[in-house]
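# Fold and geometry: a report
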Amino acid sequence: MISSNRLTSALLAPMLLTAWGAEAKAPKKAAHTTDPDRPNVIIILADDLGYGDMQPYGATRVETPNVNRLADGGTKFTNVHAVASTSTPSRYSLLTGEYAWRRNDTQVAAGNAGMIIRPTQYTMADMFRSRGYRTSAFGKWHLGLGDKTGEQDWNAPLPADLADIGFDHHYIMAATADRVPCVFIEDGMVANYDPEHPIEVSYRANFPGEPTGAENPELLYNLRHSHGHDMSIVNGIGRIGYMKGGGKALWKDENIADSITAHAVKYIHENAGKEEPFFMYFCTNDVHVPRFPHERFRGKNPMGLRGDAIAQFDWSVGQLLDALDKEGIADNTLVILTSDNGPVLDDGYDDQAVELLGDHRPTGPFRGNKYSAFEGGTLVPAIVRWPGRVPAAAESDALMSHIDWMASLGSLIGARLPKGAAPDSQDRIGKLLGTDTTDSPWIIEFAAGLSVRTPQWKYIEPNDGGPMITWGPKIETGNHPMPQLYDMKASKGETENVALANPAVVYELQNILRRTRARHINP
Ligand code: NG6
Ligand code: CA
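Keep in mind that what you see is a predicted model, and the values were worked out from it rather than measured.

### Description of the pairing of strand E2 (residues 75–81)
Of all 7 residues in E2, 7 are buried; the element is thus mostly enclosed. Direction of pairing for E2 relative to strand E13 (residues 379–385): antiparallel, over a ladder of 5 bridges. Of the residues in E13, the one forming a bridge with Thr 75 is Val 384. In this sheet, strand E14 (residues 394–396) lies alongside E2 in parallel orientation, the contact comprising 3 bridges. Across the sheet, the residue bridging to Phe 77 is Ser 396, located in E14. Pairing of E2 with strand E15 (residues 400–401), which is carried by 2 bridges, proceeds in the parallel orientation. Looking at the pairing, His 81 lines up with Ser 401 of E15.

Written as structure tokens, this is what we have:
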């Protein structure tokens, strides 16, 4: 493991001033799960789950009883944005409190990317650890592993992993289910490693004699690709990238939700009775492609595999909530459910998501979707539950961005962040807990370029990229060579560009971007 010079919790304990000028907090003697300001914290992060995909947000063609249960016990947010309209930059920003667009290497990562968050960076997991938490990550990772891209040896412990950025325990997928390697990584090593079948991974060339989706479509017995995803075949599904070996370590897509959820539930049971609270970063593969949920979720809604994947996601949520109930720790556990970016229908496999959609609206009334600068790219569901502390059966329309969750949670638990950590994150804990329903003054969204959203306006910077994605499905990018300004109070649909009629507003929003780029953060 790369050793990092992190401050230990012992060093930090006496220094409880929060880093954003908030009031000093009374020193806490010992971390404990019954401490009101140090609840267990679970972030449930769905993949590509849209604003309109669950019943609390208006879905009628699929049932989400467990998410409904969470919403009944907590606050549902209607104006929360992920930082980016794809996974890697969105997750990078959530976990570091730094806008991904400040770096040029946070675009959608390959499965053999080196660690994008470097061990010297201070993460949300480090922050929880500094306050005595146990920390864990489950499921989709997609932020790179090992030191250098393409140089990992998947047959031995990885020289850099999540332990180097603050997670005590992890059971993860290196990237996405549509990218090789198709194995779980547990605490820095391939889980269920099969020495009879050494693993090789390449994003450059196939391994001699190995079938591919492009050349051997007859082997795609589980799902066929619609675009891309025609390289290595694992479990009868074509992937992005090439891999060889794996043997019994290879996942079966129909069991991914079961594996991730079982590990997380076990963790809850093992940690519930301990002195220290826990932080869990629980990332589902659902509802990302390839959508291949377990048999028991199939055919219960009219939307096919995408609907089934939503049902499977809901089941995972229910398993976690049940585990909290069984352990009697639901009351001192803050559960936050959200998604990494907006929804997409055809994202590369022939799963009939488009054909079977009916009148379901994955983005609700909003325009665009995953990849897009329109609201559908980053507007995500968000439900927060903490009995007694977060209003129950409530709704908040506070404008808020994931970028602020690190500082907000840090404020809650009385963490002190080292200078330079979470540089773009503001303490908005009242908004996150639903007790302050006022808007953030502005938030920034990241697709091909940047956009600013204020309570009334949405400004999209000019961008020379084309209006539609070029690689396959009909997906609007939101790009336009002219400045775009939409009055979100007049219409949620971003249909009428009123930039020319409102030059002063455009100028003001451009200034927010200019100053934020220059790091002159001015909330
Ligand atoms: C795209 C993939 C898409 C998905 C996306 C990342 C193709 C043609 N499309 O490049 O299927 O994997 O990357 O999604 O390969 S994300 O939610 O992890 O950002
Ligand atoms: Ca995603």
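So that's the structure; there's more coming.
### Brief notes about unusual backbone geometry
Along the chain, Asp 286 connects to Val 287 via a cis peptide bond; the corresponding omega equals 5 degrees. Looking at the element boundaries, Val 287 is found in the loop between strand E11 (278–283) and helix H6 (304–327). Note the cis peptide between Val 289 and Pro 290, where omega equals -10 degrees. Topologically, Pro 290 is positioned in the loop between E11 and H6. For Asp 187, which is not a glycine, the phi torsion comes out positive at approximately 45 degrees. Mapped onto the secondary structure, Asp 187 falls in the loop between strand E5 (184–186) and strand E6 (189–190).

### Digging into the sheet that holds strand E17 (residues 450–453)
Here 4 strands make up an open sheet; going across it, the order is E16-E17-E18-E19 and the pairing antiparallel. Each edge of the sheet is formed by a strand with only one pairing partner; in this case those strands are strand E16 (443–446) and strand E19 (484–487). Direction aside, the axes of adjacent strands within the sheet are offset by 20 degrees on average. Note that E17 and strand E18 (residues 457–460) share 3 bridges and pair antiparallel.

### Digging into the site of ligand 1
In the neighbourhood of ligand 1, 19 residues make up the surrounding shell, with Ser 87, Asp 178, Arg 179, Asp 347 and Lys 370 lying closest. A distance of 3.0 Å is found between an oxygen atom of ligand 1 and a side-chain nitrogen or oxygen belonging to His 288. At 2.7 Å, a side-chain N or O of Lys 370 approaches an oxygen atom of ligand 1. In the complex, the protein chains occlude 88% of the 450 Å² of accessible area that ligand 1 would expose alone. In the shell around ligand 1, the residues fall into 4 nonpolar, 8 polar and 7 charged.

Rules behind the numbers
- Residues numbered from 1 in each chain as written.
- Chains lettered and ligands numbered in written order.
- Predicted model: local features only at pLDDT ≥ 70, side-chain atom pairs only at ≥ 80, totals over all residues.
- Heavy atoms only, no water.
- Buried < 20%, exposed > 50% of the residue type's maximum accessible area, 1.4 Å probe, protein only.
- Helix = DSSP H or I, 4+ residues; strand = E, 2+ residues; numbered from the N terminus.
- Pairing = 2+ DSSP bridges.
- Axes fitted to C-alpha atoms, helices over the stretch in contact; angles between N-to-C directions.
- Near = heavy atom within 4 Å.
- Polar contact = N/O pair within 3.5 Å; in protein donor to acceptor, adjacent residues only side chain to side chain.
- Areas by Shrake-Rupley, 256 points an atom, 1.4 Å probe, with all protein chains shown as cover.
- Nonpolar A, V, L, I, M, F, W, Y, C, P; charged D, E, K, R; others polar.

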